[in-house]
Structure formats: structure tokens, C-alpha cells
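A closer look at the structure
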Amino acid sequence: MEIVNHEDDGAGLPLILLVEDNPDDVLLVRRAIKKAALAVALQVVHDGDEAVAYLDGSGHFGDRGRHPLPALVLLDLKLPKRSGLAVLRWIRSQPTLATTPVVVLTSSSEDEDIQKAYALGANSYLLKPVAFHGLVQLLGVLDLYWFRNNLSVPPPALGAWQ
């Protein structure tokens, strides 16, 4: 797991799962988290299938100690292998992920994408800022809202839905 904070490990910190295929955007998010001094752990997956495997705990993501469920998913829409909308549809079909906040962070301002994302259960739809400073501000607001002010329901214990 990639830790983006000043601690030795991410234990006890909220985990953000970034689903992003563009290495430049991944680097910008990493730098923006550091610049905003957010105390979060960051895990990155690079395509829709990898996002589903991570969230499902399958394959090499099976160890929940190393790959815990995220407190927040930042999801790009334009992904290889499985689109962001397909990932969002899958997330919302999983009882253990029903309350996990999913924030679409994309460059698409198409009305159809926005409508579909909300219809599939996105908690928010945000455009990627053009300037780095805008990304720092955006991530700071996400931290303030989702991790400091928002009251959330913890995910159910494994096996509770079966």
C-alpha cells in the first residue's frame, strides 16, 4: 500500500482508493495529498478490473491487512478493461460496499456521464481541476467533508450479509 502521510504506516488512517489509469494524474494526486498535508493512506489501482479485484479482496488483494477496504473511492470514468460506470454499478451491487462513498473524479463534463454516475449511486461528481493548486484545494475539501465532518456507517462485518 502506498502511504501518503508522515507516519510509518497507514494503520488507523482513512484509506482512499484511487482508480486512475493516467500515471500523470496519479502523480498529481499523490503530490496534492502531500501538499495539502492530508493524513490519509492512498492505494492506487489502474483499471476497472483491478478496482473490482481490490474491492472484492480477490487475487493478490486477498489480504485485508495489506489491502483494507477504503473509506473513500476516487473513481475515474474513462478506464481500461472496465469503465468507471461499470465499476460503480458493481460497487453498488455489493452489500458490504453499499455505504462506501464513491466520488467520481474525471475530466468528462458530459451530461450523460453525470446523469449515469448519479443514477448508479455516485456520492459526488467532480471535474479534475486543470491547475495543481485547484487539485490541492479539492482534495482538502474532500478530506474536510468525508473524513472530518461527515458521519458514516461502518461497513458490515464480513459474512454479515450472507
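Residues numbered from 1 in each chain as written. Predicted model: local features only at pLDDT ≥ 70, side-chain atom pairs only at ≥ 80, totals over all residues. Heavy atoms only, no water.

Remarks on the confidence of the model for the protein
This is how the line gets drawn: How sure the predictor is of each residue is captured by pLDDT, a score from 0 to 100. The contact criterion used is simple: two residues touch if any of their non-hydrogen atoms lie within 4.5 Å.
Mean pLDDT for the protein: 83, with 83% of residues reaching 70 or above. Across residues 1-8, confidence stays below pLDDT 50; counting only partners more than four residues off in sequence or on other chains, it has 28 contacts. Contacts of residues 158-162 to residues separated by more than four positions or lying in other chains number three contacts, the stretch itself having pLDDT below 50.

Observations concerning the pattern of salt bridges
The cut-off we apply is this: Here, a salt bridge means any Lys or Arg side-chain nitrogen found within 4 Å of an Asp or Glu carboxyl oxygen. Only DSSP runs of H or I with at least four residues qualify as helices, and only runs of E with at least two residues qualify as strands; both kinds are numbered from the N terminus onward. Think of it in three bands: residues with accessible area under 20% of the maximum for their type are buried, residues over 50% are exposed, and the middle band is partly exposed, with areas taken using a 1.4 Å probe on protein chains only.
In total, this model carries seven salt bridges according to the counting rule given. Notably, a salt bridge pairs Asp47 with Lys81, separated by 3.6 Å at the nearest N-O pair. Taken together, the residues Asp47 in the loop between β3 (40-45) and α2 (48-56) and Lys81 in the loop between β4 (72-75) and α3 (84-92) connect sequence positions 34 residues apart. On the basis of relative accessible area, Lys81 is assigned to the exposed category, the value being 67%. With a closest N to O distance of 2.9 Å, Asp49 and Arg82 form a salt bridge. Of this pair, Asp49 sits in helix α2 while Arg82 sits in the loop between β4 and α3, and the two are 33 residues apart along the sequence. Look at Asp49 and you get partly exposed, because its relative accessible area is 33%. Residue classification places Arg82 among the partly exposed positions, given a relative accessible area of 27%.

What to know about the environment of Ala119
With respect to the secondary-structure elements, Ala119 resides in helix α4 (residues 111-119). For Ala119, a relative accessible area of 68% gives the class exposed. Here the alpha-carbon distance between Ala119 and Arg89, two residues 30 residues apart in the chain, equals 9.4 Å.

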